[in-house]
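Structure assessment
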Amino acid sequence: MNYSTLVQAIKDYTDNTESTFVSNIDNFIGQAERRILLDVDLPVFHKNVSGTMASSVTYLTKPTDFLTAFSLAIIDSDNVYTYLLPKDVSFMREFSPDTDTTGVPRYYGHFSEDSFILSPIPNANFTTELHYKYAPAQISSSNTTTWIGDNADTALLYGCLIEAYTFMKGEADLLGLYTARYDSALSSLRKLGELDDRRDLYRNGNPFIMQQAASK
């Protein structure tokens, strides 16, 4: 489902082309995409990026498309990975209360929307690798096709209708129907994500073939 098809579907389902409603359609789409990204974990939205911890700087900037972290590692000159342990900010302050004390970082935490906090404070410029879940660019008039639009179109459509009908203060029974359709589509999407993330035909076999063999 591309952008123009989605926008037209929202208008058709809601039977609403009022100017204020139409001007908010991009907001409905953005909210629906965000809902999908937070409701289900899909490997296609996992990313690895390299970076650098600056010496004597306790913060590390997050990528602009960051949603949540899976791991943060320091890579030494021999390409050996050392993974930092996630902790909260209060632990960091307690573990390393003296800001003049530096060392090889052992812990990281979410300090703000834009940065991690590290402890101890780095004593050198360390190469890092962050594995994280990212927010893709929203489907829009300038970005007419996306993975979600192509592969999760049912969840996207009903997610948009939930936001649109909430905006319209529509009837509860129809909003409930849209929510149920969204949940059903999300369930199928979640199964796809779990299979992509955890299954391997070499190690686990084809689930369909194994099921057929077990039934004989």
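Quick note: structure is the one above.
Residues numbered from 1 in each chain as written. Predicted model: local features only at pLDDT ≥ 70, side-chain atom pairs only at ≥ 80, totals over all residues. Heavy atoms only, no water.

Within the chain one finds 9 helices and 10 strands. Sorting the 216 residues of the chain into buried and exposed places 38% on the buried side. Nonlocal contacts in the chain, meaning residues at least 24 apart in sequence, comprise 66% of its contacts between residues at least 6 apart. Carbon and sulfur atoms make up 49% of the accessible area of the chain, which amounts to about 12500 Å² in all. (Helix = DSSP H or I, 4+ residues; strand = E, 2+ residues; numbered from the N terminus. Buried < 20%, exposed > 50% of the residue type's maximum accessible area, 1.4 Å probe, protein only. Contact = heavy atoms within 4.5 Å. Areas by Shrake-Rupley, 256 points an atom, 1.4 Å probe, with all protein chains shown as cover.)

Positionally, Asn48 belongs in strand S1 (residues 46–53). For the pair Asn48 and Lys133, spaced 85 residues apart in sequence, the C-alpha separation works out to 8.9 Å. Setting aside residues up to four positions removed in sequence, Asn48 forms contacts with Glu129, Leu130 and His131. Polar contacts involving the side chain of Asn48 include one to the side chain of Glu129, which spans 3.0 Å. Separated by 2.5 Å, the side chains of Asn48 and His131 make a polar contact. (Polar contact = N/O pair within 3.5 Å; in protein donor to acceptor, adjacent residues only side chain to side chain.)

This paragraph deals with helix H3 (residues 25–39). Between its terminal C-alpha atoms H3 stretches 21 Å, which fits the 21 Å expected from 15 residues at 1.5 Å a residue. Taken together, the buried positions of H3 are Ile25, Phe28, Ile29, Ala32, Glu33, Ile36 and Leu37. Buried residues of H3, viewed axially, fall in a sector of 165 degrees; they line one side. (Expected span 1.5 Å × (residues − 1). Arc of directions from axis to C-beta.)

On to the sheet that holds strand S4 (residues 81–83), then. Adjacent strands of a sheet form backbone hydrogen bonds with each other and so pair up, either parallel or antiparallel. Taking strand neighbours across the sheet as the criterion, the 4 strands line up as S1-S10-S3-S4 in an open arrangement whose pairing is antiparallel. Only two strands of the sheet have a single neighbouring strand rather than two, namely S1 and S4. On average, adjacent strands in this sheet sit at an angle of 35 degrees to one another, irrespective of strand direction. (Pairing = 2+ DSSP bridges. Axes fitted to C-alpha atoms, helices over the stretch in contact; angles between N-to-C directions.)

Residues Leu6, Ile10, Ile29, Ile36, Met53, Leu72 and Tyr108 are the most contacted members of the largest nonpolar core, which totals 50 residues. Counting only elements with at least two residues in this core, the list comes to helix H1 (3–14), H3, strand S3 (66–75), strand S7 (107–110), strand S8 (115–119), strand S10 (126–134), helix H6 (153–168) and helix H7 (172–198). With 9 residues, the single largest contributor to this core is H6. (Core = buried A, V, L, I, M, F, W, Y, C linked by side-chain atoms within 4.5 Å.)

Tallying each qualifying case throughout the model produces 16 aromatic pairs. Between Tyr13 and Tyr158 the ring centres are 6.3 Å apart and the planes differ by 85 degrees, which places this aromatic pair in the edge-to-face class. Placement of Tyr13 in helix H1 and of Tyr158 in helix H6 is noted, with a sequence separation of 145 residues between them. Residue classification places Tyr13 among the partly exposed residues on the basis of a relative accessible area of 41%. Pairwise contacts between aromatic rings join Tyr13, Tyr158, Tyr165 and Tyr178 into one cluster. The ring of Tyr134 has Lys47 sitting right over it, with the charged end atom 4.3 Å from the ring centre. Between Lys87 and the ring centre of Phe91, over which it is positioned, the NZ or CZ distance is 4.9 Å. (Phe/Tyr/Trp six-rings, centres within 6.5 Å; stacked < 30°, edge-to-face > 60°. Lys NZ or Arg CZ within 6 Å of the ring centre and 35° of its normal.)

The contact between H3 and H6 brings their axes to 8 Å, and the two run at 125 degrees. Judged by the angle between their axes, H3 and H6 are oblique. Judged by the sense of rotation from one axis to the other, the crossing of H3 with H6 is right-handed. Two secondary-structure elements touch here, H3 through Phe28, Ile29, Gln31, Ala32, Glu33, Arg35 and Ile36 and H6 through Ala155, Leu156, Gly159, Cys160, Ile162, Glu163, Ala164 and Phe167. (Parallel < 35°, antiparallel > 145°, perpendicular 65-115°, else oblique. Left-handed = near helix turned anticlockwise from the far one by under 90°.)

Geometry only, nothing functional implied.
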